[in-house]
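One letter stands for each residue in the lines below.
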Amino acid sequence: MSTDLSSYRDQHFKGSRSEQERLLAQSTTLYVGNMSFYTTEEQLYELFGKCGEVKKIVMGLDKFKRTPCGFCFVEFYTRGDSEHAMRYINGTRLDDRIIRTDWDAGFIEGRQYGRGKSGGQVRDEYRTDFDSGRGGYGKIVQQKLEQPDYLT
Amino acid sequence: MSHRRKRGYEDEDGGYRSKKRRTNEHMEIEDRLESLILRVGEKSTSSLESNLEGLASVLEADLSTYKSKILKILIECAIKLPDKCTIYTTLIGLLNTKNYNFGGECVELLVKSTKDCLKSFRWSDARFLLRFMSDLVNCHVVNAGSLLQLLDNFVDAALEEGVPQVRRDWFAYSVLSALPWVGRELYEKKESELDRMLGSLEGYIKRRKKIHHNALRVFKSDHPHPQEEYLDCLWQQIKRLRSDMWIEKHIIRPYLAFDSTLCEALQHNLPSLVPPPHHPSTLYPLPTVIFRMFDYTDCPEGPILPGQHSIERWLIEEQLRHILMSNHTERKECAAQLLSYPLKNKIPLEYIIVEVMFGEIFRLPTPLCLEIAYGSILIELCKLQPSTMPQVLAQATELLYERIDVMNKTCFDRFVNWFSYHLSNFQFRWSWDDWDDALSQDPEQPKAKFILETLLKCLRLSYHQRVVELIPETFAVFLPDKPAPNFKYSVDGPYAGSEETRASANLMAAIKRKCTSEEVLSLLKQELDPATGEEDITDGVFNPTKIDVFIQTLLFLGQKSFSHSFAAIAKFHSVFKALGSTEEAQICILRSVFQLWKTHQQMLVVLIDKMLKTQIVECAAVANWVFSKEMVPEFSKCYIWEIVHLTIRKMNKHVSKLQKEASEARKRIEDSDSDSSDSEDESRGRRKNKPLERPTEEQVEKLEDKMESAQADQKNLFLIIFQRFIMILSEHLVRCDTDAVDFKTPWFQWTVGRLHQIFMIHHEQVEKYSTTLETLLFTQDLDPNILDVFHQFVALRM
């Protein structure tokens, strides 16, 4: 079902697995991923506002640069509204990119920062494709490319 | 209906069984039976007929042990799977030949279930059951005469005087909607009774009032396609069917193959079913209009689109709408099911789907689902049929644009919302040049306004430069302003050197220094209040300059994002409250916000929403501000109405919340009173079930007072809004009359349309105050152009 939990579980969650499951099952907060670094809060309000009244949006930020790094949390007032977002927004486009929504146990201060070594999201460390909306190549690939003798 | 195995724990046959193994086995068999019954008719290597025969044999063997469960499943199928009606009636027909008593019990349970549905206002379910019982005549399970008796009872309900027309209409509709299945049989067996019944219905349908019709039309004009009232349309379709001797070729009738077996069976008479009487609190389904946008000339070479008065059109639309309503929570499954419509090769399916979908998007007063549900299902349809669906949608968009001059304004908004959303999923690609006829139009004309408002919505879903790039250069006139704050107190701005600019600069510095609200207030007082030595906050007195400097400066500082502005409002909330102590002061606040963010409509909407939520401004203030002289140039812009509707919705939510609290508290008192008089419960330690304390009578009364006060505010809000509408519309009509010009200006059309929209979007809440509105505002002396809007709304429930 489109409102089911994905298989992702936040490994940094402070609490038991069953506590996490309980929170996820009643959550009104969604994680939104695969956003462009340039997608704004305004665009998110407009799209997610079509599913109900948005309570809060927290943009995901690069830990060092404090600039958006391609994810966010969207919190609704009701579970029903967030279920609508899972049903009708997950897998559709925002800012020309297909975004993904998933249940989140709830925003806590600190969770808005990327957990990748370079400051952004972990997935941007390891990916090998070129994505102009997410800073180009993945970080590890970028570092390799910058080495003077890489291409010789 | 779920195809998953249901754990049915009730056991109506033998009562509680002590042996666990037998219970489990019993449940497993019940599950298997359920699965077999649910799945019959699905894709199979064997024919439908042989599957039905096989299933009938299996069930016959289990009838003695599992009869109740089987009956229950069959009733559920009748209700939840109306598109498989004829499959299940055939099954019951076959079972009836093998076991007459079982047939009888089926029939009895069907009638009982129909009664239950009517009593609990499950109108769709009742209608499907009526259809099912009618089809059982075709399977020789039910006697034609007894069905006619039941249908006559429904027709009597349609003819009953002194009850709301919506009730009568529903009964007429439900009878007509059963006739495609059983019309032929009734014609063959009971022609004169059938004719008499149809005569009565025709008389009713023709005689009844249709004041509500215009309230529900998507298009004002009946050209090129009539926007028929729903009962009128079905009546025409049934009339056509009758003139075709009740022969229709659309419904699959498995019972025909078993005719020789079935006609051996003994028939049953339906137990008497008299519809429950009308009660004032009963809510009947609202009337609708049949939305039409295509005819056969719009479709390419290939299968022909059935005519608007053909019964096939109605049958197909019924089924598609049912698929939509059963699957709308799973958009991918919904799209797949819509596209696997069984007779898809005989009809231009994409066209009918698109027409049905837009009919739902444009449904008045309100759609049944969220607008984005339909939008995302349409996107899934495009993904599944990439070579046809997008083109049909493009064609539909063109058609709607062509007819937009006569489109209802409420539907106009929905069209803008849908189109901009759809474009945002397809890189905003569109052949804008095809619409260059709009370039020469007055911007208030619907076509020009449509492009403008669509681009404004596209802006919200993207960014300004993107919109610049997606339109041709010739369309620059439709380009939205680049959203930017219009800060008037900048050091080199229009008020350079003034005390306001100096105050603003000082305020900005103080805020950056992280000053408190008290410090802000005293700074404002120091800089901008005349040194009178008196208390400056007196009743009704406010300083507009103080307000303006504060608002402009603070929100200018918070311009970076919504979150920044929200944080600013939260931090200095008490300043807002102190400055906005009266409605006039609050209107001043709104004015300042507007002047700063005029070019960023979305920011205005979210800021006003936030200020309402944090009670910085009252709903009435927003309403009065929207209708103020200053806002006249903005009045017809869509975002203004976004603001009006969110304001009303906030008020509605507030009232509902208090109603709920008050009635729950009242119930807790009543429950605990009845409990304390029952000593048995106390001895069983019932206190465990009631963690909440019994509130005092005083507490409950306080909640009820709060609720009543909120309801008074709600009524007042509607009165303000409607009164303002009446005033500006009346003024316009009088002025035009004096100047001897046509009053039907674009402004007039928009304004009447917006008035109509208030009634549509908030019909449930407005309904509560109908009498007050009729007595105080919408009086007989009002110009009919205004009064008609009110009468059409009231007619929705009459």
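Let me begin by describing the structure that accompanies this report. (Residues numbered from 1 in each chain as written. Chains lettered and ligands numbered in written order. Predicted model: local features only at pLDDT ≥ 70, side-chain atom pairs only at ≥ 80, totals over all residues. Heavy atoms only, no water.)

Let us look at the overall build of chain B. A count of helices and strands for chain B gives 35 helices and 0 strands. Overall, the C-alpha framework of chain B stretches about 105 × 80 × 55 Å when taken along its three principal axes. A buried classification covers 54% of the 798 residues belonging to chain B. A separation threshold of at least 6 residues defines the contact pool for chain B, and within that pool the share at least 24 residues apart is 76%. For chain B, the accessible surface area stands at approximately 36,200 Å², while carbon and sulfur atoms represent 51% of it. For chain B, the distance from the average position of its 100 positive side-chain charges to the average position of its 114 negative side-chain charges is 4 Å. (Helix = DSSP H or I, 4+ residues; strand = E, 2+ residues; numbered from the N terminus. Buried < 20%, exposed > 50% of the residue type's maximum accessible area, 1.4 Å probe, protein only. Contact = heavy atoms within 4.5 Å. Areas by Shrake-Rupley, 256 points an atom, 1.4 Å probe, with all protein chains shown as cover. Lys, Arg positive; Asp, Glu negative; His and termini not counted. Charge placed at Lys NZ, Arg CZ, Asp CG, Glu CD.)

What follows concerns the overall build of chain A. Secondary structure summary: chain A contains 5 helices and 6 strands in total. Helices and strands appear in chain A in the N-to-C order α-β-α-β-β-α-β-β-β-α-α. In terms of overall dimensions, chain A has a C-alpha envelope of 55 × 35 × 30 Å along the principal axes. A buried classification covers 49% of the 152 residues belonging to chain A. By sequence separation, contacts in chain A at least 24 residues apart represent 61% of the contacts at least 6 residues apart. Counting 23 positive and 23 negative side-chain charges, chain A places the centres of these two groups 4 Å from one another.

Moving on, we come to the packing of aromatic side chains. All names here are of chain B. Tallied over the full model, the rule gives 57 aromatic pairs over all chains. Geometrically, the ring pair formed by Trp432 and Trp435 is edge-to-face, given 6.1 Å between the ring centres and 85° between the ring planes. Of the two residues examined, Trp432 and Trp435, each falls in the buried class. Over the face of the ring belonging to Phe566 we find Lys610, whose NZ or CZ atom lies 4.5 Å from the ring centre. (Phe/Tyr/Trp six-rings, centres within 6.5 Å; stacked < 30°, edge-to-face > 60°. Lys NZ or Arg CZ within 6 Å of the ring centre and 35° of its normal.)

All right, on to a nonpolar patch on the surface then. Together, Val122, Tyr126 and Ile140 of chain A make up an exposed nonpolar region whose accessible area comes to about 290 Å². Mapped onto the elements, Ile140 of chain A comes out in helix α5 (residues 139-146). (Patch = residues over 30% accessible without salt bridge, like charges linked within 9 Å, V, L, I, M, F, W, Y side chains within 5 Å. Salt bridge = Lys/Arg side-chain N within 4 Å of Asp/Glu carboxyl O.)

Residue and element names in this part refer to chain B. On the surface, a cluster of negative charge is made up of Glu583, Glu584, Glu618 and Asp713. For Glu618, the position within the fold is in the loop between α27 (601-613) and α28 (619-626). We classify Glu618 as partly exposed; its relative accessible area is 41%.

Take the pattern of salt bridges next. If you walk through the whole model with that rule in mind, you get 61 salt bridges over all chains. The shortest N-O distance in the salt bridge between Lys67 of chain B and Glu105 of chain B comes to 2.7 Å. Taken together, the residues Lys67 of chain B in helix α2 (residues 48-80) and Glu105 of chain B in helix α4 (residues 100-119) connect sequence positions 38 residues apart. Among the residues examined, Glu105 of chain B registers a relative accessible area of 30% and is labelled partly exposed. Taking the shortest distance from any N to any O, the salt bridge between Glu229 of chain B and Arg208 of chain B comes out at 2.5 Å. Of the two residues, Glu229 of chain B is situated in the loop between α10 (213-216) and α11 (230-243) and Arg208 of chain B in the loop between α9 (191-207) and α10; the sequence distance between them amounts to 21 residues. Taking the relative accessible area as the measure of exposure, Glu229 of chain B reaches 1% and is therefore buried. Within this structure, Glu53 of chain A together with Asp609, Lys613, Lys650 and Lys653 of chain B form a network of salt bridges that share partners.

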